[in-house]
Amino acid sequence: ADEIEIAAKAGFQAMEPWISELEAHVKGGGSLKDLGKRIADNNLTVESAIGFAPWIVDDDAKRAKGIEQMKREMDMVAQIGGKRIAAPPAGNDNPALDLRRAAERYRAILQIGDQVGVVPEVEFWGPVKVLSTLSEAAFVALESGHPKACILADIYHMYKGGSGHESVRLLSGEAIHVIHTNDYPADPPREAIKDEHRVYPGDGVAPLTSFFRTLKAIGFTGALSVELFNRDYWKQDALTVARTSVEKMRAAVKKAFA
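Residues numbered from 1 in each chain as written. Predicted model: local features only at pLDDT ≥ 70, side-chain atom pairs only at ≥ 80, totals over all residues. Heavy atoms only, no water.

Undergrad: Looking at this model, I keep getting lost on the overall build of the protein chain. Mind explaining?
TA: Tallying secondary structure elements over the protein chain gives ten helices and seven strands in all. Relative to the globule expectation of 18 Å for 258 residues, the C-alpha radius of gyration of the protein chain, 18 Å, shows essentially globular dimensions. On the principal axes, the C-alpha backbone points of the protein chain span a range of 45 × 45 × 35 Å. A buried classification covers 48% of the 258 residues belonging to the protein chain. Looking at the protein chain alone, contacts between residues at least 24 apart form 77% of all its contacts between residues at least 6 apart. Approximately 12,500 Å² of the protein chain is accessible, and the part contributed by carbon and sulfur atoms is 50%. On the protein chain, the mean spot of the 32 positive side-chain charges and the mean spot of the 36 negative ones are 2 Å from each other. (Helix = DSSP H or I, 4+ residues; strand = E, 2+ residues; numbered from the N terminus. Rg over C-alpha atoms; globule rule 2.2 N^0.38 Å. Buried < 20%, exposed > 50% of the residue type's maximum accessible area, 1.4 Å probe, protein only. Contact = heavy atoms within 4.5 Å. Areas by Shrake-Rupley, 256 points an atom, 1.4 Å probe, with all protein chains shown as cover. Lys, Arg positive; Asp, Glu negative; His and termini not counted. Charge placed at Lys NZ, Arg CZ, Asp CG, Glu CD.)

Undergrad: Got a minute to help me understand the pairing of strand S6 (residues 176–181) in this structure?
TA: Taking burial as the measure, the six residues of S6 include five buried ones, the bulk of the element. Pairing analysis gives four bridges linking strand S5 (residues 151–154) to S6, with the strands arranged parallel. Note on S6: the bridge partner recorded for Leu152 is Val178. Bridging between S6 and strand S7 (residues 223–226) involves four bridges; their strand directions are parallel. Considered in S7, the bridge of Val178 is made with Ala223. Handedness of the crossover joining S6 and S7 through helix H8 (residues 208–217) is recorded here as right-handed. (Pairing = 2+ DSSP bridges. Right-handed = clockwise from strand over helix to strand, strands pointing away.)

Undergrad: I keep staring at unusual backbone geometry and nothing clicks. Help me out?
TA: Residue Pro188 is bonded to the preceding Asp187 through a cis peptide linkage, with omega at 10 degrees. Of note, Pro188 is situated in the loop between S6 and H8. Positive phi values are uncommon outside glycine, yet Asn43 reaches one of about 60 degrees. Within the secondary structure, Asn43 sits in the loop between helix H3 (32–41) and strand S2 (45–46). If you check the backbone angles, Leu131 has positive phi at about 65 degrees while not being a glycine.

Undergrad: Sorry if this is basic, but what is going on with the nonpolar core here?
TA: Generally speaking, nonpolar side chains in soluble globular proteins are found buried as a group. Within the largest apolar cluster, 64 residues are counted, with the highest numbers of intra-cluster contacts made by Tyr106, Ile151 and Val168. A total of seven residues in this core trace back to one element, the largest contributor, which is helix H5 (residues 99–116). Every residue in contact with Tyr106, bar those within four places of it in the chain, is listed here: Trp55, Pro120, Glu121, Val122, Val140, Ala141, Ser144, Ala149 and Cys150. (Core = buried A, V, L, I, M, F, W, Y, C linked by side-chain atoms within 4.5 Å.)

Undergrad: For this particular structure, what's the right way to read helix H6 (residues 134–144)?
TA: Residues spaced three or four apart along an α-helix face the same direction, because each turn holds 3.6 residues. All of the buried residues along H6 are Leu134, Glu136, Ala137, Ala138, Val140, Ala141 and Ser144. Elements that come into contact with the buried residues of H6 comprise H5, strand S4 (119–123), S5 and helix H7 (155–160). Note on H6: the residue one or two positions beyond its end, Gly145, has a positive phi of about 70 degrees.

Undergrad: Got a minute to help me understand the packing of helix H2 (residues 19–27) against helix H4 (residues 60–79) in this structure?
TA: The relative placement of two packed helices is expressed as an angle between their axes plus a distance between the axes. Contact geometry of H2 with H4 gives a least axis separation of 11 Å together with a crossing angle of 75 degrees. Classified by the angle between their axes, H2 and H4 sit roughly perpendicular to one another. Contacts between H2 and H4 involve Ile19, Leu22 and Glu23 from the first element and Glu73, Met76 and Val77 from the second. Class assignment for the residues of the contact of H2 with H4 results in four nonpolar, no polar and two charged. (Axes fitted to C-alpha atoms, helices over the stretch in contact; angles between N-to-C directions. Parallel < 35°, antiparallel > 145°, perpendicular 65-115°, else oblique. Nonpolar A, V, L, I, M, F, W, Y, C, P; charged D, E, K, R; others polar.)

Structure (structure tokens):
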């Protein structure tokens, strides 16, 4: 509830809560529907949510549990008025995972999402062995054959996984609804960089200007969601960090179209 107030005061238009936070809210006696009302009353929407259900894994028993977890988490997101949920390659330990199988599994959770009213977005993670690039995520989304298939992109993960940022021009803007927006320094190098090195948009060396221009060219009209894991920011006041995030992201976008 405090984060909702902070997001609204900072000038955000939307939120992307973590499932673990929603679970903690319920465990503490809170109501998800009341939380959804509080979000709406603060003129915010829930464009996405962050979860880690192992829907993609090869082990049948683990995958069955993962799909049930995804369904349960989708229901939680729906209760707060959310539209989408991340579907990253969480739990996969097979470096040779068949992407066609991954596409079948993605379609399965998309179909569950049809019933619940929440769309899972296939997410790629730069450091992992499979589903680490935009192209692999695009393959899984395309191969699923589902009309609501979409990709959750991340500026840092595009760099970390070696996707580059120009490749997004090959996609339709309708294929991406949310982009995790951040920046990264020149040092440490790509091979050694980690989540904790992310910095505010515009404070690093990411090609944000060309990337934002490309997004506009392909018709992207989705949400830019600031995602940072910088421990130095954790030491600061939350509202200060939130306001700085909004200001720096808007400045980076404005710079691209000045």
